Amino acid sequence: MARTFYGSSASLSCTIGGCTGIAGPYTLVSLCKKTTDTAAYMDIWGIRNASQYVLSIGVQNDDRFYLAKGTAYADRSCNIMLTGAEGWCLLAATKGAGTVTPRFHQYVYGTNTWTHEDGSGTLADNTAPGASGTVRFGNGMNGFGAFSQALNAVFAAALTDTEIERLPYSLPAWYSLSPVGLWLLDQSLTTQGVADLTGLGANQSAITGTTIATTHPPVFSRGAPVLAVTREAAVVAARFRRTDFPRTGSRGAYGGS
C-alpha cells in the first residue's frame, strides 16, 4: 500500500543523502493521489536546508500544479489541475540549468492520459541544500498536503518527456534514469522506516502522524512488467499440450500409453 499524509501536521523527514547538490538541473517526481480538495496551498514533498525550503512541488489554492524554490518562495505553476476525482497520478516537474522555464508532466492512471506543459515563467537555479539539508514528505514551502503517496524521486537532470513517460508502470524504469533520491512508501506499518532505495543515504529520520493508505496505484509493478510475456507463455503452453498431437501406435508420439 501507500502512505497517507492527511494535510494537518502529518509529515515524514529523511536525511539529505545524495541530494546535497540539487540546484539545477533537476526533476522531482511523485506517484500520488490527492485525498482532499480545498482552496489552499498543499505541498506533496520538498527538499530544504537548515533554514529554508530549496525545492517543493504541490498544488496552489486553485488546484494548479506548481514548483517552488528558494528563500523568497519563487514559484511557477501550469494549467494542469490536480483534484481528488482524478485518483492516482504520476506528477513530475523538470527544470534545466540556468534561468529557464520549468516543465510539468501528469499521467492519470484512471484515464490513461498524459499532459506535458511549460510553466508560467522562468526560474533560476537553487542554492543547493548542502549537508544540513533534509527531504520532507507531506509538507513543503507553503503548507501540509492531503495526499496518498506511493513513490517519490529526485533526479539531478531535467528528464525529457519521453523519459518521464517510462515511469508510470514499473520501478526498474525509475532506477534506469539514475535518481539521487528514491523512496518507496509501501511499508505495512508507520513504525517501519522509509529507506532511500538509491543507497545514497537519504533515509527516514523523523515522522509525525501519517497513516497506511487503503489503495495503491494500479498497473504499477516493483519489478519489470511481465504481463505480455506471461500471456504469450500461456498460449504457447496450450498449443503444445500432448492432446494436441496425433497418437502413433499404442504408446503415442510422446511415449504415452
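Our structure's up above, just so we're on the same page.
Now for a look at the structure at hand. (Residues numbered from 1 in each chain as written. Predicted model: local features only at pLDDT ≥ 70, side-chain atom pairs only at ≥ 80, totals over all residues. Heavy atoms only, no water.)

**Overview of the overall build of the protein**
If you tally the helices and strands in the protein, you get three helices and 15 strands. The buried share of the protein, reckoned over its 257 residues, is 45%. Sequence-distant contacts, at least 24 apart, represent 67% of the contacts inside the protein between residues at least 6 apart. (Helix = DSSP H or I, 4+ residues; strand = E, 2+ residues; numbered from the N terminus. Buried < 20%, exposed > 50% of the residue type's maximum accessible area, 1.4 Å probe, protein only. Contact = heavy atoms within 4.5 Å.)

**Points about the packing of aromatic side chains**
Summed over the entire model, instances satisfying the criterion amount to eight aromatic pairs. Judged by centre distance (5.0 Å) and plane angle (80°), the rings of Y107 and Y109 are edge-to-face. Following the ring pairs from residue to residue traces out a cluster consisting of Y107, Y109, W114 and Y169. (Phe/Tyr/Trp six-rings, centres within 6.5 Å; stacked < 30°, edge-to-face > 60°.)

**Some remarks on the environment of R166**
Tracing the backbone shows R166 in the loop between α1 (161–164) and α2 (171–176). It is 9.6 Å that separates the C-alpha atoms of R166 and L177, two residues lying 11 residues apart in sequence. Discounting residues that sit within four places of it in the chain, R166 has contacts with A173, S176 and L177.

**Topic: the nonpolar core**
For soluble globular proteins, the rule of thumb is that nonpolar side chains tend to be buried together. Core analysis: the biggest nonpolar cluster contains 38 residues, and C19, W45, F65, V135, V154 and W183 have the highest contact counts within it. Counting 23 residues, the second-largest nonpolar core is a separate cluster that includes L31, A150, F155 and L171. (Core = buried A, V, L, I, M, F, W, Y, C linked by side-chain atoms within 4.5 Å.)

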